[in-house]
Amino acid sequence: MKQVVTLTVNGENCQALAEPRHTLLELLRDGLGLTGTKEGCGDGNCGACTVLLDGRPVNSCLVLALEAQGREVVTVEGLARNGALHPLQQALIDHGAIQCGFCTPGLVMAAYALLRDNPHPAEPEVRMAIAGNLCRCTGYDKVVRAIMAVG
Amino acid sequence: MKAFEYAAPRTLNEAVSLLAGAGPAARPLAGGTDLLPQMRYRRIQPPLVVDVKGVPELRRLEYAGDGLHIGAAVPLSDIASHPDVLRLYPVIAASCGLVGSVQIRNRGTLGGNLCNAVPSADTVPGLMCLGARAVLAGPSGRREVAVEEVCIGPGETVLGTGEMLVEVVVSPPPQGSAASYLRFTPRQEMDIAVAGVASLLTVDGQGLISRARVALAAVAPTPLRARRAEEVLEGQRLTEELIGRAAGEAAGECRPISDVRGSADYRRHLVAVLARRTLKANMQALGMAL
């Protein structure tokens with residue numbers, strides 16, 4: 001049976017209907033139309049669905065929609081300000097770190113959380129922070145350089 | 001995922017009675033990083049999922065007079081970064097920091113790593129070396145079980161119907177002791193141990209080993225104590241030769257299988273190598289030269 005989930009997404013209070021078997025990822029994409037967050041593997045291996053849940057990067061495919069009741073979620077749609085990309089997003093473009101782009105929203109959220117907690121990370125710290133984000137185009141070097149350029 | 005009922009109780013009693021009332025197929029949900037993929041692939045189809053993260057006892061992470069209390073629903077990233085855990089139980093902090101990715105550690109729990117009962121559970125060998133206890137709550141009350149007795153086979157534990165893990169309790173580390181865990185994986189992160197070894201040494205004033213613990217991951221149906229290796233070490237002074245003998249015993253005691261991650265022979269070899277390295281790391285941590 002569907003239940004109402006009330007949560008904050010990108011700073012706005014939202015309500016959506018979800019069944020217990022629905023994930024937070026499904027709630028964001030199908031319930032709220034926020035399709036920036038992607039589903040890759042659906043079992044926590046690829047990180048494409050990474051969002052911030054109460055400030056922490058998590059795989060939204062491994063969170064039940066009902067668990068998000070009363071919580072705060074930030075998705076890739078929440079980073080741009082007044083139509084301008086977040087510096088991290090711009091850096092990924094500038095470094096050619098986006099190929100097919102499917103992993104990018106998840107990578108952006110993982111890197112965003114890293115830079116918030118550790119504004120000047122060393123390269124190994126960057127690589128560990130995004131180890132849970134798979135890029136099928138294998139553009140990791142450019143991604144790492146882009147993240148370090150912001151830090 | 002197949003449809004199921006969801007409940008989010010606020011008390012332990014409520015959680016236990018919900019689980020007990022729904023029968024053996026019901027499941028507690030903590031981080032969900034193991035549970036939800038199993039449900040998605042329909043390896044299990046619980047009629048009821050009980051989200052236990054709202055139960056205060058399961059969120060406790062505190063070093064008290066009687067030791068460290070790790071609530072069953074505390075995320076691994078909280079444990080890995082807790083100042084008392086880092087200071088007094090570095091082996092727990094390090095092994096919690098090895099599981100999965102940042103995203104997984106922000107959700108996955110030590111309680112789940114233990115109760116999911118996979119042979120490769122990275123957090124379990126260190127807890128076994130430290131003599132950690134698991135506090136369980138069920139319809140007939142509470143009981144305590146040594147962490148090393150919780151897992152009885154791949155995916156199987158001693159937990160009965162309606163019974164759930166409340167917390168893991170670790171006594172204050174004995175004076176003059178050091179513990180460490182090392183695993184081998186082809187990738188540094190987001191990988192599953194081909195083999196893992198934890199060891200603990202307590203050294204007395206004369207430089208003799210008064211207590212030795214060695215525990216192994218991914219080389220038997222459950223995480224395993226290497227008791228013969230421990231016997232070789234206890235009462236002795238640590239030398240290169242003794243470390244070699246203990247490592248050889250540990251390799252002889254494990255019962256690995258050959259699978260996609262490595263052959264049984266390779267795993268035995270890894271156990272010997274990792275056992276030597278953890279024992280040496282402990283000596284270094286104790287400030288002792290070989």
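All of these numbers come straight from a predicted model, not from anything done at the bench.

K.L.:
How would you sum up the pairing of strand S10 (residues 164-170) of chain B? Please name residues and give values.
P.N.:
Residues and elements named next belong to chain B. Of all seven residues making up S10, seven are buried, and the element is well covered by its neighbours. Bridge count for strand S6 (residues 133-138) against S10 is five bridges, and the pairing is antiparallel. When the bridges of S10 are listed, Ala137 appears paired with Met164.

K.L.:
Can you explain the sheet that holds strand S5 (residues 72-74) of chain A? Please cite residues and give values.
P.N.:
Residue and element names in this part refer to chain A. The five strands lie next to each other as S2-S1-S5-S3-S4, forming an open sheet whose pairing is mixed. The open sheet is flanked by strand S2 (12-18) and strand S4 (56-59), the only strands paired with a single partner. On average, each strand axis in the sheet is inclined to that of its neighbour by 40°, with strand direction left out of account. Of the strand pairs in this sheet, strand S3 (residues 50-53) and S5 are connected by two bridges, and their pairing is antiparallel. Within the sheet, the bridge partner assigned to Leu53 lies in S5 and is Val73. The strands touched by helix H3 (residues 104-117) are S3, S4 and S5; relative to S3, the strand with the most contacts, the crossing angle is about 40°.

K.L.:
Describe the packing of aromatic side chains, and please don't skip the residues or the numbers.
P.N.:
Residue and element names in this part refer to chain B. All told, the structure shown has two aromatic pairs over all chains when counted by the stated rule. With a centroid separation of 6.2 Å and 80° between ring planes, the pair formed by Phe184 and Tyr266 is classed as edge-to-face. In this pair, Phe184 sits in strand S11 (residues 177-184) while Tyr266 sits in helix H11 (residues 264-285), placing the two residues 82 residues apart along the sequence.

K.L.:
With reference to specific residues and values, describe the environment of Ala16 of chain A.
P.N.:
All names here are of chain A. With respect to the helices and strands, Ala16 occurs in strand S2. Taking the C-alpha atoms as reference points, Ala16 and Gln3, 13 residues apart in sequence, are found 8.2 Å from one another. Excluding residues that lie within four positions of it along the chain, Ala16 makes contacts with Gln3, Val4, Val5, Leu27 and Leu32.

K.L.:
Explain the pattern of salt bridges to me, and be specific about the residues and the numbers.
P.N.:
Here the structure, examined in full by the defined rule, presents 26 salt bridges over all chains. Salt-bridge contacts for Asp117 of chain A lead to Arg116 of chain A; the nearest nitrogen and oxygen are separated by 2.9 Å. Of the residues examined, Arg116 of chain A reaches a relative accessible area of 40% and is grouped as partly exposed. By sharing partners, the salt bridges in this structure join Glu67 of chain A together with Asp51, Lys53 and Arg107 of chain B into a single network.

K.L.:
Please set out the side chain of Glu167 of chain B residue by residue, giving values where relevant.
P.N.:
Residue and element names in this part refer to chain B. Structurally, Glu167 can be placed in strand S10. Put simply, Glu167 is tucked away with no salt bridge, and the nearest opposite charge, on Arg60, sits 4.1 Å away. Polar side-chain contacts of Glu167 include one of 3.0 Å to the side chain of His69. Once you skip the residues sitting within four places of it in the chain, Glu167 turns out to touch Arg60, His69, Ile70, Gly71, Ala72, Arg133, Ala134 and Val135.

K.L.:
So what about the side chain of Arg213 of chain B? Which residues, and what values?
P.N.:
Within the secondary structure layout, Arg213 of chain B lies in strand S13 (residues 209-217). Of the polar contacts made by the side chain of Arg213 of chain B, one reaches the side chain of Glu234 of chain B; its length is 3.2 Å.

K.L.:
Help me get a handle on empty space enclosed by the protein, residues and values and all.
P.N.:
Residues and elements named next belong to chain A. One pass over the structure, following the stated rule, counts two cavities of 30 Å³ or more. Estimates place the volume of the largest cavity at around 50 Å³. Lining the largest cavity, in full, are Ala97, Ile98, Gln99, Cys100, Gly101, Cys103, Thr104, Cys135, Cys137, Gly139 and Val143. Residue classes in the lining of the largest cavity are distributed as seven nonpolar, four polar and no charged. A volume near 40 Å³ is recorded for the second largest cavity.

K.L.:
How would you summarise the interface of chain B and chain A if you had to cite specific residues and measurements?
P.N.:
Of the residues lining the interface, 29 residues belong to chain B; the matching set on chain A comes to 28 residues. Counting each side, the surface lost to burial between chain B and chain A is near 2300 Å², with a carbon and sulfur contribution of 56%. Of all residues in chain B, Tyr6, Gln103 and Arg107 of chain B bury the most surface against chain A, accounting for 28% of the area lost on that side. Applying the counting criterion to the chain B and chain A interface returns twelve residue pairs in polar contact (both at pLDDT 80 or more).

K.L.:
I'd like a rundown of the packing of helix H2 (residues 87-94) of chain A against helix H5 (residues 140-150) of chain A, residues and numbers included.
P.N.:
All names here are of chain A. Remark: H2 packs on H5, axes separated minimally by 8 Å, with the N-to-C direction vectors making an angle of 135°. With respect to their mutual orientation, H2 and H5 come out oblique. Considering only the axes of H2 and H5, their crossing is right-handed. Packed against H2, whose contacting residues are Pro87, Leu88, Ala91 and Leu92, the element H5 presents Val143, Ala146, Ile147 and Val150 at the interface. A breakdown of the residues in the contact of H2 with H5 according to their chemical character gives eight nonpolar, no polar and no charged.

Conventions adopted
- Residues numbered from 1 in each chain as written.
- Chains lettered and ligands numbered in written order.
- Predicted model: local features only at pLDDT ≥ 70, side-chain atom pairs only at ≥ 80, totals over all residues.
- Heavy atoms only, no water.
- Buried < 20%, exposed > 50% of the residue type's maximum accessible area, 1.4 Å probe, protein only.
- Helix = DSSP H or I, 4+ residues; strand = E, 2+ residues; numbered from the N terminus.
- Pairing = 2+ DSSP bridges.
- Axes fitted to C-alpha atoms, helices over the stretch in contact; angles between N-to-C directions.
- Contact = heavy atoms within 4.5 Å.
- Phe/Tyr/Trp six-rings, centres within 6.5 Å; stacked < 30°, edge-to-face > 60°.
- Salt bridge = Lys/Arg side-chain N within 4 Å of Asp/Glu carboxyl O.
- Lys, Arg positive; Asp, Glu negative; His and termini not counted.
- Polar contact = N/O pair within 3.5 Å; in protein donor to acceptor, adjacent residues only side chain to side chain.
- 1 Å grid on protein atoms, 1.4 Å probe; cavity = no way out; pocket = protein on both sides within 12 Å on 5 of 7 lines; lining within 4 Å.
- Points joined across faces, edges and corners; volume = space filled by probe spheres on them.
- Nonpolar A, V, L, I, M, F, W, Y, C, P; charged D, E, K, R; others polar.
- Buried area = accessible area lost by both parts, 1.4 Å probe.
- Parallel < 35°, antiparallel > 145°, perpendicular 65-115°, else oblique.
- Left-handed = near helix turned anticlockwise from the far one by under 90°.

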